[in-house]
Amino acid sequence: MTADEGRAADDEPHLRRAVALAAGVTPGGGDLPFGAVVVSNGKVLAESANRVGSDADPTAHAEILALRAAGRRLGRADLSGAVLYSSGEPSPMCLAACLWARIERVVHAAEVADAADFGFEDREFYRQLAPPKPERSLRVERAGLRWRAEAVAAYQRWHRGTG
């Protein structure tokens, strides 16, 4: 097994949980189908689903909430060495929070374009605020296609429930 294959196997349970959190968001309540998990040394520090509608807070993205909870758990904002797993590619706001938190890498399932297909349009924010992945100092990796399909399925379930 290569190092990349080993890392992918280590990533799998955390991606599964992030996608499950996204799939668990109730359609129609204002929250969006996104989930995130913060892991350090193989241990889950925190997890969250999106709560933008529930909290009436445009910053209550799953990634932001998971980072906040991880920081509270550790008693510090520096999460150096931790990995953030997300059901969808994090927004530029979430990527900035990952940089502030010193996250080592981000692993996401669905792509920005996948989310846009369901009305979650972040492409303009990326054009204005985030350079392309190869130009970023923060490692942002898309997980395997299986996880992308699982995350898109969560978007589909949510979308059917709101229509």
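The following refers to the structure shown. Once a new chain begins, its residue numbering starts again from 1 and follows that chain's sequence as written. Local features in this predicted model are restricted to residues of pLDDT 70 or higher, and side-chain atom pairs are both shown and tallied only at a pLDDT of 80 or more, whereas totals for entire chains, interfaces and linings draw on every residue. In computing side-chain properties, one takes all heavy atoms of the structure into account and sets aside hydrogens as well as water.

1. Observations concerning the nonpolar core
One recurring pattern in soluble globular proteins: nonpolar side chains tend to sit buried together. Threshold: In these notes, a set of buried Ala, Val, Leu, Ile, Met, Phe, Trp, Tyr and Cys residues joined through side-chain atoms within 4.5 Å is what counts as a nonpolar core. The rule is simple: take the accessible area with a 1.4 Å probe, protein chains only, and divide by the maximum for that residue type; under 20% is buried, over 50% is exposed, in between is partly exposed. Numbering of helices and strands starts at the N terminus; helices are DSSP runs of H or I of at least 4 residues and strands are runs of E of at least 2. Only heavy atoms matter for contacts: two residues are in contact if any of them lie within 4.5 Å across the pair.
The biggest cluster of nonpolar side chains holds 44 residues, and the ones touching the most others in it are Val38, Leu67 and Ile103. If you tally residues by element for this core, the top one is helix H7 (residues 145–162), at 5 residues. Ignoring sequence-local partners within four residues, the contact set of Leu67 consists of Val38, Leu79, Leu84, Ala97, Cys98, Ala101 and Ile103.

2. Focus: the environment of Phe34
Within the secondary structure, Phe34 sits in the loop between helix H1 (3–23) and strand E1 (35–40). The sequence separation of Phe34 and Ala77 amounts to 43 residues, and the corresponding C-alpha distance is 23 Å. Ignoring any residue separated from it by four or fewer positions in sequence, one finds Phe34 in contact with Ala22, Val25, Ser48, Ala49, Asn50, Ala62, Ser87, Gly88, Ala115, Phe120 and Tyr155.

3. Some remarks on the pattern of salt bridges
The following threshold applies: Definition used for salt bridges: Asp or Glu carboxyl oxygen within 4 Å of a side-chain nitrogen of Lys or Arg.
Enumeration according to the criterion identifies 8 salt bridges in this entry. Close ionic contact of Arg16 with Glu12 constitutes a salt bridge, the shortest N to O distance being 3.1 Å. In this pair, Arg16 and Glu12 are both assigned in helix H1, 4 residues apart and thus about one turn of the helix distant. Asp55 serves as the salt-bridge partner of Arg51, at 2.8 Å between the closest nitrogen and oxygen. Residue classification places Arg51 among the partly exposed positions, given a relative accessible area of 36%.

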